[in-house]
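Remarks on the overall topology
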Amino acid sequence: MLAELFAVMAPVLAGAGLGFTWVRLGHPYPIDFVTRLVFNIGTPCLVLASLSGAQIEASTFGRTMLATAMVIICMAAATLVVARLLRRDWRVLLAPMMYPNTGNMGLPVVLYAFGSAGFAYGITIMVTVSLFQFTLGTLLASRGNPFKALAKTPTVYAIVISMALLLTDTALPLWLANSVDLMSGFTVPLMLITLGVSLASIQVRSLRSGIGFSLVRIPLAATAAWFIGGWLGLPPMAQGILVLQMSMPVAVFNYLFAQRSGREPAYVASLVFCSTLMALVYLPVLLALLM
């Protein structure tokens, strides 16, 4: 079991560690360019490559999206209680409570833990979280019309195409499937490297607050995901991946949104950093229970 858990976590540590070390050695890393490349090209291709050929029923796909949305809403409601407990402004804690790192960290862990069969569920959960981020997150950060931003997000169109293919039991033409599969190959490695670069670039001021927040959020998210997944009748693998994905550390995007909205970015940075470090401890335990 320990060997299996290490095999899952080793690629995550290697990728993130590479990015972290690269920046610490003083080498340049075009994080804005890589982020745009991953989210505008890599992620849509990854969605198409994973979902279009996945052995997943359209009803299960829909229930997984619904379960993810319900967990996010539950975490949003719990923010008011957690904010009072931690004596923080609820608007500062809302995004970190709602949006775990289902992309940079979640997808690689799901891929190596559950293989291609589970990867489709991981993608489904990731894109649902992203939809909330790009709509509600944009609105809360006061960056204009969220629906206009959503319309400019290529991943949305990849989801629509994948849904159409699932509902009609249609496959992509071989030339297109091969092209999409090739282009999707750089996405997960770049996600991990960029995660390490982001962590190396974040200035952390308070470790205690970050650890305290994680100790509250992680059990809440895991419990909500487990009960909601069971209530909606998700397959055991989908339910386990929902628990795993929603228990991921705070997404780096929350720090970027906090910077743009001016809502305690230094505090949010500590949440991102500490929750990611703690994930190296609690994720192997969670994986041992779910695998």
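Read on for an overview of the structure.

Definitions and limits used
Residues numbered from 1 in each chain as written. Predicted model: local features only at pLDDT ≥ 70, side-chain atom pairs only at ≥ 80, totals over all residues. Heavy atoms only, no water. Helix = DSSP H or I, 4+ residues; strand = E, 2+ residues; numbered from the N terminus. Buried < 20%, exposed > 50% of the residue type's maximum accessible area, 1.4 Å probe, protein only. Contact = heavy atoms within 4.5 Å. Areas by Shrake-Rupley, 256 points an atom, 1.4 Å probe, with all protein chains shown as cover. Expected span 1.5 Å × (residues − 1). Core = buried A, V, L, I, M, F, W, Y, C linked by side-chain atoms within 4.5 Å. Salt bridge = Lys/Arg side-chain N within 4 Å of Asp/Glu carboxyl O. Axes fitted to C-alpha atoms, helices over the stretch in contact; angles between N-to-C directions. Parallel < 35°, antiparallel > 145°, perpendicular 65-115°, else oblique. Left-handed = near helix turned anticlockwise from the far one by under 90°. Nonpolar A, V, L, I, M, F, W, Y, C, P; charged D, E, K, R; others polar. Patch = residues over 30% accessible without salt bridge, like charges linked within 9 Å, V, L, I, M, F, W, Y side chains within 5 Å. Polar contact = N/O pair within 3.5 Å; in protein donor to acceptor, adjacent residues only side chain to side chain.

Right, let's get into the overall build of the protein chain. A tally of regular secondary structure across the protein chain gives 13 helices and zero strands. Mapped in sequence order, the helices and strands of the protein chain form the string α-α-α-α-α-α-α-α-α-α-α-α-α. Within the protein chain, the fraction of its 291 residues that count as buried is 53%. Within the protein chain, contacts between residues at least 6 apart in sequence are counted, and of these 83% link residues at least 24 apart. With the model as given, the accessible surface of the protein chain reaches about 13300 Å², and the carbon-plus-sulfur share is 68%.

Turning to the environment of L207, a few remarks are in order. The residue L207 is located in helix α10 (residues 207-231) in this model. Here L207 falls in the partly exposed class, since its relative accessible area comes to 48%. If we skip the residues at most four places from it in the chain, L207 touches F273 and C274.

This paragraph deals with helix α7 (residues 154-168). Taking 1.5 Å of rise per residue, the 15 residues of α7 would be expected to cover 21 Å, and the 22 Å separating its terminal C-alpha atoms lies within 8% of that figure. The complete set of buried residues in α7 reads T155, V156, A158, I159, S162, L165 and L166. Downstream of α7 by a residue or two, D169 has a phi angle that is positive, lying close to 55°.

On to the nonpolar core. Core analysis: the largest hydrophobic core is formed by 58 residues, its most contacted members being V71, L93, L242, L244, M246 and L283. Breaking this core down by element, the ones donating at least two residues are α1 (2-24), α3 (58-86), α4 (90-98), α5 (106-140), α9 (187-201), α10, α11 (236-246) and α13 (265-290). In terms of residue count, α13 provides more of this core than any other element does, 11 residues in total. Those residues in contact with L283 that lie beyond four places of it in its chain are M9, M105, V109, L244 and M248.

Of note in this structure, R87 is not a glycine but carries a positive phi near 60°. The residue R87 is located in the loop between α3 and α4 in this model. Classification of R87 by relative accessible area gives exposed; the value is 78%.

Our focus in this paragraph is the pattern of salt bridges. Per the counting criterion, the structure on display carries one salt bridge. One salt bridge connects D89 with R91, and the closest N-O pair in it is separated by 3.1 Å. Overall, the relative accessible area of 29% leaves D89 in the partly exposed class. A residue is classified by how much of its surface remains accessible, and R91, at 45% relative accessible area, is partly exposed.

The subject of this paragraph is the packing of α10 against α13. Between α10 and α13, the least distance of the axes is 8 Å, while the angle of their chain directions is 60°. Between α10 and α13, the crossing angle belongs to the class labelled oblique. Both α10 and α13 take part in a crossing whose hand is right-handed. For the pair formed by α10 and α13, the contact residues are L207, S209, G210, I211, F213, S214, L215 and I218 on the first element and Y267, S270, L271, F273, C274, S275, M278 and Y282 on the second. Each residue belonging to the contact of α10 with α13 can be placed in one class, and the counts come to 11 nonpolar, five polar and no charged.

A cluster of nonpolar side chains, namely L13, L277, L280 and V281, defines an oily patch on the protein surface of about 350 Å² accessible area. Structurally, L13 is set in helix α1.

Another aspect to go through is the packing of helix α2 (residues 31-51) against α7. Viewed as axis vectors pointing N to C, α2 and α7 meet at an angle of 10°, and their least axial separation amounts to 8 Å. Here α2 is positioned roughly parallel relative to α7, judged by the angle of their axes. Residues F39, N40, T43, P44, V47, L48 and L51 of α2 touch α7, and the partners they reach there are P154, T155, A158, I159, I161, S162 and L166.

Further remarks concern the side chain of Q245. Mapped onto the secondary structure, Q245 falls in helix α11. Here Q245 falls in the buried class, since its relative accessible area comes to 0%. For Q245, the side chain forms a polar contact with the main-chain oxygen of G122, separated by 3.1 Å. Not counting the four nearest positions on each side in its chain, Q245 is found in contact with P100, T102, G106, L107, V110, G122, I125 and M126.

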